[in-house]
Each structure stands twice: as structure tokens, then as C-alpha cells.
Amino acid sequence: KAGVTQTPRYLIKTRGQQVTLSCSPISGHRSVSWYQQTPGQGLQFLFEYFSETQRNKGNFPGRFSGRQFSNSRSEMNVSTLELGDSALYLCASSSGTQGANVLTFGAGSRLTVL
Amino acid sequence: GESVGLHLPTLSVQEGDNSIINCAYSNSASDYFIWYKQESGKGPQFIIDIRSNMDKRQGQRVTVLLNKTVKHLSLQIAATQPGDSAVYFCAENMRPGAGSYQLTFGKGTKLSVIP
């Protein structure tokens, strides 16, 4: 069973640009969550999507957005990039329904903003 | 505030010894707790979880203890091996809804195993 796949793994952008990151969840998983990991702030929740709807949202500015497609694949977008957006962006998937299910993470997309 | 913290940022143990990693949480409404292991260049990897209606849960070489009275979580690793060297995170789920995860992570503890 394939794990959570994130693309691209590494990317470099400049301030003011925008970026789109992609996540393919584990087959059958309908929930996709995004987290930002930085040395200073650690792992922080961005948002969660379930069946194409945003179900939960963390405390990030509106420059951070996401969406989920009918096949459960998800993208997140960061507009007007700032230096502080440099981070490892992690995607995680789960079944999204009540019961024993584990949140499984991908390897992440490392974004560097210059 | 809503936060999960760790008592020890770094931990060095001798191979074969047992390791204990501690975590304090502040939200009494959290219903689910997870320990993740993160190796360099990889995403967090699930180790073990525990629900708030339990005090203890055991896995293969790992045990998680939950003390709701003092809001404390610990991860015990038996017979620590070099492959256990990584950063360990505890996380709490803030109960956003059935089947939904909104995890708050601790800052992490780096475990170094001395051969």
C-alpha cells in the first residue's frame, strides 16, 4: 500500500511569488491535513480537508489556502511568499471517519524563500 | 494556552538501556494522544497512540503512559537501539470532531543512542 506522496520534495522561490504543493493521500483515505514545520515554531496545523470541504483551520493568514479534489488529492497554496514561509510542509492523511485510524504523514515539501 | 510541551529537549542513552521521554499537555479536553518519531529528511512516523479513557498502552518495545490528573504523557522505549535515534514528538488531538484530527505538537525531544 503506497504511503502519502508529496510533490515537489524541494523548491526554491523568491519573496512575493506564490507556490502550490501537492499531496496524494493513502488510497481510501478521505481526510488530508497540512502542517508547517519550522525550527522556531515546530509543527503547526494549517488545515484539514475531508470530502472536498475544509473541516478545520489553524491560525495562519489568508495567504495560506488549500483545496481537495474528488479523488482526495489535495493542494495547498501560499501566495505573496515571505521569508518566514520557509519551512517543511507536511501532508498527512487518515480515513477521516470515527474509529481507530492513524494519521500518516508524507515526507514533506521543503520550501525555501529567498 | 493550548500547548504541548516537553520536559527534556535532548536525551542520550546507552544502547540496550531503556529510554523515557516525557511530555506535558495543557488542554484537558484533548481526547487522543500520539507519539511520532521523525528521522532526518523524513516526515513524522507514527509510533503509538492512546485515548483519554486509557492510562497505559503497550506496543512492540514501546509503552505510552497517560496521567490525566497532572496532564502528563510519557513514552518508554525498551532496550533502545541505534535505529531509535531520532526526534520524538508528542501530539494531542484537540477534539475538533469525530474522525477529525487537529494535532498540537510538542517541540520534540532528540534521542541519541550511544553504541
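Residues numbered from 1 in each chain as written. Chains lettered and ligands numbered in written order. Predicted model: local features only at pLDDT ≥ 70, side-chain atom pairs only at ≥ 80, totals over all residues. Heavy atoms only, no water.

Undergrad: For this particular structure, what's the right way to read the state of the cysteines?
TA: One way to say it: the disulfide is the covalent bond shared by the sulfur atoms of two cysteines. Scanning the model with the defined rule gives 2 disulfides over all chains in all. The disulfide bridge from C23 of chain A ends at C91 of chain A, spanning 1.8 Å between sulfur atoms. Because the sign of the S-S torsion sets the handedness, a value of about -60° for the bond joining C23 of chain A and C91 of chain A places this disulfide among the left-handed ones. Here the residue C23 of chain A occupies a position in strand β3 (residues 19-24), and C91 of chain A occupies one in strand β9 (residues 87-94), the gap between them amounting to 68 residues. Just as C23 of chain A is buried, C91 of chain A falls in that class too. What pairs with C23 of chain B in a disulfide is C90 of chain B, and their sulfur atoms sit 1.9 Å apart. Residues C23 of chain B and C90 of chain B share a disulfide whose torsion about the S-S bond is about 60°; that sign makes it right-handed. Taken together, the positions of C23 of chain B in strand β3 (residues 19-25) and C90 of chain B in strand β9 (residues 86-93) put the pair 67 residues apart, joining distant regions of the chain. (Disulfide = S-S within 2.5 Å. Helix = DSSP H or I, 4+ residues; strand = E, 2+ residues; numbered from the N terminus. Buried < 20%, exposed > 50% of the residue type's maximum accessible area, 1.4 Å probe, protein only.)

Undergrad: Which parts of the structure should I look at to understand the nonpolar core?
TA: If you look at soluble globular proteins, the nonpolar side chains tend to sit buried side by side. Membership of the largest hydrophobic core comes to 21 residues, with the highest contact counts inside it found for W34, L46, F64, M76 and Y89 of chain A. Within the residue set of this core, elements represented by two or more residues are β3, β4 (31-38), β5 (42-50), β8 (74-78), β9 and β11 (109-113) of chain A. In this structure M76 of chain A touches V19, T20, L21, W34, L46, F47, F64, S65, G66 and Y89 of chain A, once residues within four positions along its chain are discounted. Grouped together as the second largest cluster of nonpolar side chains are 20 residues, V13, Y25, I50 and C90 of chain B included. (Core = buried A, V, L, I, M, F, W, Y, C linked by side-chain atoms within 4.5 Å. Contact = heavy atoms within 4.5 Å.)

Undergrad: Please explain the packing of aromatic side chains as it appears in this structure.
TA: Enumeration over the complete set of coordinates arrives at 12 aromatic pairs over all chains. Their ring planes at 55° and their centres at 5.6 Å tell us that Y35 of chain A and F105 of chain A sit as a pair that is tilted. Residue Y35 of chain A is found in strand β4, and its partner F105 of chain A is found in strand β10 (residues 104-105); the two are separated by 70 residues along the sequence. By the burial criterion, Y35 of chain A is buried, and F105 of chain A matches it. On the basis of an interplanar angle of 85° and a centroid distance of 5.6 Å, the ring pair of Y35 of chain A and F105 of chain B is categorised as edge-to-face. Taken together, the positions of Y35 of chain A in strand β4 and F105 of chain B in strand β10 (residues 103-105) put the pair across two chains. Comparing Y35 of chain A with F105 of chain B shows no difference in burial state: the two are buried. Feature note: the residues Y35, F45 and F105 of chain A together with Y36, F46, F89 and F105 of chain B constitute an aromatic cluster, connected by ring pairs. The ring of Y32 of chain B has R51 of chain B lying over it, and the distance from NZ or CZ to the ring centre is 4.3 Å. (Phe/Tyr/Trp six-rings, centres within 6.5 Å; stacked < 30°, edge-to-face > 60°. Lys NZ or Arg CZ within 6 Å of the ring centre and 35° of its normal.)

Undergrad: Hey, could you run me through the confidence of the model for chain B in this one?
TA: Detailed reading of the predicted coordinates is not advisable wherever pLDDT is low. All names here are of chain B. The predicted model of chain B has a mean per-residue pLDDT of 89, with 90% of residues at 70 or higher. Averaged over each element, pLDDT in chain B is lowest for strand β1 (residues 4-5) (46) and highest for strand β7 (residues 62-67) (98). Low pLDDT (under 50) marks residues 1-8, which in the prediction has 37 contacts with non-local residues, meaning those over four places away or in another chain. (pLDDT = per-residue confidence, 0-100.)

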